[in-house]
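Residues per chain are reported as follows:
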Amino acid sequence: MTALAPDEAARELVRSDLASTLFVEAGAGSGKTTALVDRVVELVGRGEAELKSIAAITFTEKAGAELRDRLRQELNKQSTEAGKGSFAAVLFEKAIGQLDGAAIGTLHSFAQRILMENPVEAGLPPRLEVLDEVSSDVAFERRWQAFRDVLLSDPDLERSILLLLATGVKPEALRVLAETFEDNWDLVRDHVPPSAPEPPSVGHLFRVALSSIDDVCARTSECDGWDSLCERLEELAAFAERLRGCADEVDLVEQAKQDAPSFKASNCGQAPNWQDKKSVVADIRLVGERIDEVIDIVGQAAVRHIASVMRAFTMQAAGERRVSGELAFHDLLVLARSLLRDPEHGPAVRSGLHDRYRRLLLDEFQDTDPIQVELAVRIAAADPRSDAAGTGSWDEVELAPGHLFFVGDPKQSIYRFRRADITMFMAARERFGSVGGQLVQLTANFRSCGPVIDWVNDTFGELIGDGDPAGGVASQPPYVGLDAVRDVPPVGPCVSVVGRQVLDGLNADGVRELEAAAVAQTVARVIDEGWSVGDGDDGWREAKLGDITILVPTRMSLPFLESALRTAGIAYRAESSSLVYVTQAVRDLLMTLRAVDDPTDHLRIVSALRTPLFACGDDDLFRFKRERGGHWGFTSDQPETVPVDDPVRIGLEYLRSLHDVRQWTPPSELLELIARDRRAFEIGFAEGRPRDVWRRLRFVIDQAREWSESTGGSLRQYLDWVERQSHEGARVAEAVLPETDDDAVRIMTIHAAKGLQFPVTIVSGMSTGASSRRAAAEVVFREGHEPGYRFGNKVVTDEFVEWIPIDEQMSAHERIRLLYVACTRAQDHLVVSLHRKARKSEPAADKRTNAELRVAGMA
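Note that the coordinates shown come from a computational prediction; the quantities given were computed from them, not determined experimentally.

1. Here we look at the overall build of the protein chain
In terms of helices and strands, the protein chain carries 33 helices and 25 strands. Since a compact globule built from 859 residues should have a radius of gyration of about 29 Å, the 31 Å found for the protein chain is in line with a globular shape. For the protein chain, the spread of C-alpha atoms along the three principal axes comes to 105 × 70 × 60 Å. Per-residue burial over the protein chain gives 54% buried out of 859 residues. Put simply, 77% of the contacts in the protein chain that link residues at least 6 apart link residues at least 24 apart. In the structure as shown, the protein chain presents an accessible area of about 36,700 Å², 49% of it carried by carbon and sulfur atoms. Put simply, the protein chain has 101 plus and 137 minus side-chain charges, and the middle of one group is 2 Å from the middle of the other.

2. Comments concerning helix H3 (residues 61-82)
Its 22 residues give H3 an end-to-end C-alpha distance of 31 Å, which sits within 8% of 32 Å, the value for a rise of 1.5 Å per residue. All buried positions along H3 are accounted for by Gly64, Leu67, Arg68, Leu71, Glu74, Leu75 and Ser79. Down the axis of H3, the smallest arc covering the buried residues is 140°, so these residues share one side. Facing away from the buried side of H3, by more than 90 degrees, are the exposed residues Thr80 and Glu81. Among the structural elements, helix H2 (32-45), strand E2 (54-58), helix H4 (87-98) and strand E3 (103-106) are those in contact with the buried residues of H3.

3. Concerning the environment of Pro759
Positionally, Pro759 belongs in strand E20 (residues 758-763). Sequence separation of Pro759 and Glu179 is 580 residues, and the distance between their C-alpha atoms is 40 Å. In contact with Pro759, other than residues within four places in its own chain, are Val533, Asp547, Gln827, Asp828 and His829.

4. Observations concerning the sheet that holds strand E8 (residues 438-442)
Spatially, E3-E2-E6-E7-E1-E8 is the arrangement adopted by the six strands of the open sheet, whose pairing is parallel. The sheet is open, and its two borders are formed by E3 and E8, each paired with just one other strand. The mean inter-strand angle of the sheet, taken between neighbouring strand axes irrespective of direction, is 15°. Inspection of the sheet shows strand E1 (residues 22-26) paired to E8 by five bridges, in the parallel sense. Within E8, the residue paired with Ala26 across the bridge is Leu442.

5. Remarks on the sheet that holds strand E17 (residues 548-552)
In space, the six strands of this open sheet follow the order E13-E24-E20-E17-E19-E18, with parallel pairing throughout. Edge positions in the sheet fall to strand E13 (495-498) and strand E18 (572-574), since each has one partner strand and no second. On average, each strand axis in the sheet is tilted by 20° relative to the strand beside it, whichever way the strands run. Summarising the sheet, E17 and strand E19 (residues 745-749) pair through four bridges and their orientation is parallel. If you follow Val552 over to E19, its bridge partner there is Thr749. Its contacts with the sheet put helix H19 (residues 450-463) on E13 and strand E24 (826-833), and the angle it makes with E24 is roughly 45°.

6. What to know about helix H1 (residues 8-16)
Where H1 is concerned, the buried positions are Ala10, Arg11 and Val14. Viewed along the axis of H1, the buried residues span an arc of 100°, placing them on a single side of the element. In this structure, the buried residues of H1 make contact with E1, H2, strand E7 (404-408), E8 and strand E9 (444-449).

7. So, the packing of aromatic side chains
Scanning all chains against the criterion turns up 19 aromatic pairs. Taking the centre distance of 5.8 Å and the plane angle of 40° together, the rings of Phe365 and Phe425 count as tilted. On the criterion of sequence distance, the pair formed by Phe365 in the loop between strand E6 (359-362) and helix H16 (371-379) and Phe425 in helix H18 (residues 422-435) is long-range, its members being 60 residues apart. By relative accessible area, which is 0% here, Phe365 ends up buried. Here the aromatic residues Phe23, Phe365, Trp394, Phe406, Phe425 and Phe432 are joined through ring pairs into a cluster of three or more. Taking NZ or CZ as reference, Lys411 lies 5.7 Å from the ring centre of Tyr479, over its face. For Arg678, the ring lying beneath its charged end belongs to Tyr654, and the centroid distance is 4.9 Å.

8. Some remarks on the packing of helix H14 (residues 329-341) against H16
Following both chains from N to C, one finds H14 and H16 inclined at 35°, their axes separated by 10 Å at the closest point. With respect to the hand of their crossing, H14 and H16 are arranged in left-handed fashion. Along the contact surface, H14 presents His330, Leu333, Val334, Ala336, Arg337, Leu340 and Arg341, while H16 presents Ile371, Glu374, Leu375, Arg378 and Ile379.

9. Quick word on the side chain of Ser668
Summarising the element assignment, Ser668 is placed in helix H27 (residues 667-677). Filtering out sequence-adjacent residues up to four positions away, Ser668 remains in contact with Ile701, Ala704, Arg705 and Ser708.

10. With respect to the nonpolar core
Ranked by size, the top nonpolar core spans 54 residues in total, and within it Phe110, Leu115, Leu360, Phe365, Leu404 and Phe432 carry the most contacts. If near-sequence neighbours (up to four positions away) are discounted, Leu115 is found in contact with Ala122, Leu124, Leu128, Leu327, Leu332, Leu335, Ala336 and Leu339. Counting 44 residues, the second largest nonpolar core, distinct from the first, contains Val586, Leu590, Ala608 and Ala675.

11. Some thoughts on the confidence of the model for the protein chain
On average, residues of the protein chain score 87 in pLDDT, and 92% of them are at 70 or above. Ignoring residues within four places in sequence, the model shows residues 728-736, a span with pLDDT below 50, making 34 contacts including any to other chains. The low-confidence segment residues 842-859 (pLDDT under 50) makes 38 contacts with residues lying over four places distant or belonging to another chain.

12. A closer look at the state of the cysteines
Throughout the structure, instances matching the rule amount to zero disulfides. Left without a disulfide partner, Cys217 is nearest to the cysteine sulfur of Cys230, which lies 11 Å away. On the basis of relative accessibility, which here comes to 15%, the residue Cys217 falls in the buried class. Not engaged in a disulfide, the cysteine Cys494 finds its nearest cysteine sulfur in Cys449; these two sulfurs lie 3.6 Å apart.

13. Structural notes on the pairing of E24
Taken across its eight residues, E24 has eight buried, putting it largely inside the fold. Note: E13 against E24, four bridges, orientation parallel. Bridge pairing in E24 places Val495 opposite Leu830. Examined bridge by bridge, E20 and E24 share five bridges and lie parallel to one another. For Val760, the partnering residue across the bridge sits in E24 and is His829.

14. Examining unusual backbone geometry
When glycine is set aside, most residues are seen to have a negative phi, and most peptide bonds are trans. Even without being a glycine, Glu364 presents a positive backbone phi close to 45°. Mapped onto the elements, Glu364 comes out in the loop between E6 and H16. On the basis of relative accessible area, Glu364 is assigned to the buried category, the value being 15%. Positive phi, close to 55°, is recorded for Ala615, a residue that is not glycine. With respect to the helices, strands and loops of the structure, Ala615 is situated in the loop between helix H24 (602-609) and helix H25 (618-627).

15. Thoughts on the side chain of Asp369
Within the secondary structure, Asp369 sits in the loop between E6 and H16. Judged by its relative accessible area of 8%, Asp369 falls in the buried class. Separated by 2.9 Å, the side chain of Asp369 and the backbone nitrogen of Ile371 make a polar contact. Of the polar contacts made by the side chain of Asp369, one reaches the side chain of Arg419; its length is 3.1 Å. Apart from the residues lying within four places of it in its own chain, the contact partners of Asp369 are Leu107, His330, Leu333 and Arg419.

16. Some details on the pattern of salt bridges
Under the criterion given, the structure shown has 55 salt bridges. Between Arg610 and Asp618 there is a salt bridge, and its shortest N-O distance comes to 2.9 Å. A residue is classified by how much of its surface remains accessible, and Arg610, at 48% relative accessible area, is partly exposed. Here the salt bridges do not stand alone but share partners, grouping Asp186, Arg337, Arg341, Asp369, Glu374, Arg378 and Arg419 into one network.

What counts, and at which threshold
Residues numbered from 1 in each chain as written. Predicted model: local features only at pLDDT ≥ 70, side-chain atom pairs only at ≥ 80, totals over all residues. Heavy atoms only, no water. Helix = DSSP H or I, 4+ residues; strand = E, 2+ residues; numbered from the N terminus. Rg over C-alpha atoms; globule rule 2.2 N^0.38 Å. Buried < 20%, exposed > 50% of the residue type's maximum accessible area, 1.4 Å probe, protein only. Contact = heavy atoms within 4.5 Å. Areas by Shrake-Rupley, 256 points an atom, 1.4 Å probe, with all protein chains shown as cover. Lys, Arg positive; Asp, Glu negative; His and termini not counted. Charge placed at Lys NZ, Arg CZ, Asp CG, Glu CD. Expected span 1.5 Å × (residues − 1). Arc of directions from axis to C-beta. Pairing = 2+ DSSP bridges. Axes fitted to C-alpha atoms, helices over the stretch in contact; angles between N-to-C directions. Phe/Tyr/Trp six-rings, centres within 6.5 Å; stacked < 30°, edge-to-face > 60°. Lys NZ or Arg CZ within 6 Å of the ring centre and 35° of its normal. Left-handed = near helix turned anticlockwise from the far one by under 90°. Core = buried A, V, L, I, M, F, W, Y, C linked by side-chain atoms within 4.5 Å. pLDDT = per-residue confidence, 0-100. Disulfide = S-S within 2.5 Å. Polar contact = N/O pair within 3.5 Å; in protein donor to acceptor, adjacent residues only side chain to side chain. Salt bridge = Lys/Arg side-chain N within 4 Å of Asp/Glu carboxyl O.

This is how it looks when you write it as C-alpha cells:
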C-alpha cells in the first residue's frame, strides 16, 4: 500500500472542497499540476462544471500544453475506471470532446479569448491579429525611427533635449525610455502627466551658484602665504570664468557637468596657514553641491518634459494598434481589463463571462502580471453586473463561492522584470486565503531526496525566515518548510558545496575561471564515481552526462564554463536561447556578419578574421599589415605587395563579396552563406560537439529568417535587433530543445529552468553578485506617485531616489529566491558553488545576503 503524503489532508481539500475559494501555496516539487488536474477532474466527475466552462490559466505555453496533456490522460483513465455507459463515464467522455477547445493556456491567450468574443464592446475590429515577439519589436522600431525624427525636429522640445544631452545622457537613452513606455503603456497612461513645463532658466539658476564661487574664492585673503588650497580656489575662479563665458545655456550645463574641478579640498592646504581652513573646505564643498543641484534641477525638468511628450507618442501607438486590430501581448491584457471595467459594456460582458467560465483556476500565480487578478476577480464576482465588480478595487470585490482557485509559490517569484509583483501576491493571499477564502499549503516534495530537502529547509529557513518587509513594502514571504518523500540515492553525496573560501586578489573573470574549473571537476567526479540517479520504477542507475545540469543566473559565466568543459573533454550544450547567442560558434558567425555590414569597423574585421571561420593567426595578420603593407578596409583593392594567396587577403575579399550583396540579400541568407562557405557546421567537429553546434546555428538562422519574413529589414537593422535580444534579462527564454538522444551536460539559466527538474543540479555563477550594468534609462511606477526616472548616474529624479532603498531590498530578496529555485531543481544530487572574490565595497543588500549565506552554513 502506498504511503499517504504528509500533506494528504490539504490535497484532499484541493480535490473535494469545490464550493470554496481556495488559495493554495504549493512548495517546490509539490505537484501543483497534479493538484490542479485533480480538482478539474473532480469538477467534471461530480457534474459541477463542464470542461468548456473551466478556464485554467498557466504562465507559459509549454505549461499549458503539459496541463492539457495531463488532463487528457486523467480523463481517459477516469472514464475507463468508471465503466462504459455509466453517468460518470459520460461526463468524462464529454469533457474529452471539449478539451481541445477549452480555455487552457496562458493569461495572454485567455485575454485574447475575451476580446475575440467581444470585439465590438472592446472597440476592436472583428478580426484580431496578435503580433509575436519579433513582429512587435520590429513594429516598435519603425514607429520609433519616425518619432525620433519628429522628436529632434520639434522646436518646443529642442531645448529640453539639448539640456538633457548636455548633462551627459546618451541619445540611445531616449529610445530605451520609449521602449519602456511601450511595454508599460497602461502605467504611462495612469501615472505620466500629459504635460510638463520646460526646464527653468539655466542662467538664473547658475547666478546664485556663481556668486557662491566668487564668495569662497575671495577667502584666499585669509591665507597667510600660498598653498594648495589657494590653488584649488584659483581653479574654482577659472571655472567660474569659463561658465560666465559660455555662449548659451546648453554649453553652460555641459561645461558645468564635464569641466568642473574637484570640490573636495580637505587634503589641500595647511591649517596653520588659514584663519579657518575647515570653513573654507566646507564652503568649497557647498559650492559643488549647489552646482550639482542646478544640473539636477535642469536634468529632472528636462526628463519630465520629454516624458510628457513621449507619453503622447506611446498612447498614439497603442490607439493605432487598437484600431488596426494588430495587438501586442501587453495590449491583450490592458484591453481585456478595460473592457471589464467599461461602464457601458462591462456589466454585460462580465455577466456573460461569469456564466460561461464557471470556474477559474490560476496556476503559477506568483509570476504573472498583476492584471491577471483583476480579470479573474471581476469575472468571478458574486454579482458581476454590480458597479463594485467593474470599478471597485479588486481586493474589495465579493466572489462567488468556489468560482476562483489560486495556486502558486511566492518563494519562486523571480520574474519582477516581467511585472510579476510579490507584493500583490501576498495581498491576494491575505484577501483570498484568510478573509474571503481558505489558505491551503502543499508541503510534500516529490522531486528531491530527503537530504536535499533538509538542506534547503535549513538554509532558506535562515535566509527567508518569517519574511522581511522592504521599507514598508512586503517583499519576502515567510518560509514554509518542505517534506521529502523520495529515497536517498545509494552512491554519491546528496548535497555538496564547492568554493567555500573567499578569493582575494582575483577579479571577477579570475573567479569565474576558477569556478568553471571546479564545476568541470565536479562533473568528472559525478561520472567517475558513478553517482546514483533515479531510474523510474527500476530503482537506481549510474549518472550520465545528460543527467547533469549546470544552472547559471546570467550568461556572464558561460564562456568560462564552455572553456573549462572543453578542456576537460566533457560534452555540453547550452539550452536557453538567451545563452545560445553568446556561445562561441554563434558569436563567430555574428562577428563575421558585423564585419560584412561595416567596412570601417576595423576591430570587428580583424576579430572576424581571427575566428575559426577564417583561421587567420596573429602571425598572418602581422605579416599582412606590417610586412606586406595591407590594409583592413576591404572595399578597396590591396597593394601589389600582398600576394593573392595571402589568407588575410582571401578573407577580406570574401567579406567584400558579401558586403556587395548585403542590400538585396536577407540576413538569414547571409548567415547561411557564411555558415556554408566558411564550413561553420564542419568546424563543430573540432569542438567535439558537432550536433550541439549545428543546433545553435540552425536556431539563430531560423530566427533570422523569421525576422526577415516579419520585417524585410536591412542587415544593420537585424544586427541592432540581435544586440537587443542579447541584452541580459531582455526576456524570459524557455529552453531550446536538444536532440533527445544527445548525452551531454546541460547549461541553462535559472529562469529557463523554472518548472523543470534534473537528477544532478550544479548551481554556478551565483557568487560574483548581481550585474552592475544598468539600462540606459530606467523607469519606476508607484501607485500615488509620478514615475521615477534614472539615466545612469547622469540624471536621477527624486521619485527614483525614494525608490532605490526599496528596490535594493527587493532585489536582494529576489536573489535569494533565485537561489531557492535553482536548488529545488535537484532530484538526487545538489552541488552549490560558492566561489566569490573579496570586494572592497558592495551594496548593503549583497553584504547582508552573503552574511546570511555564511550563517546558514553555505559559506
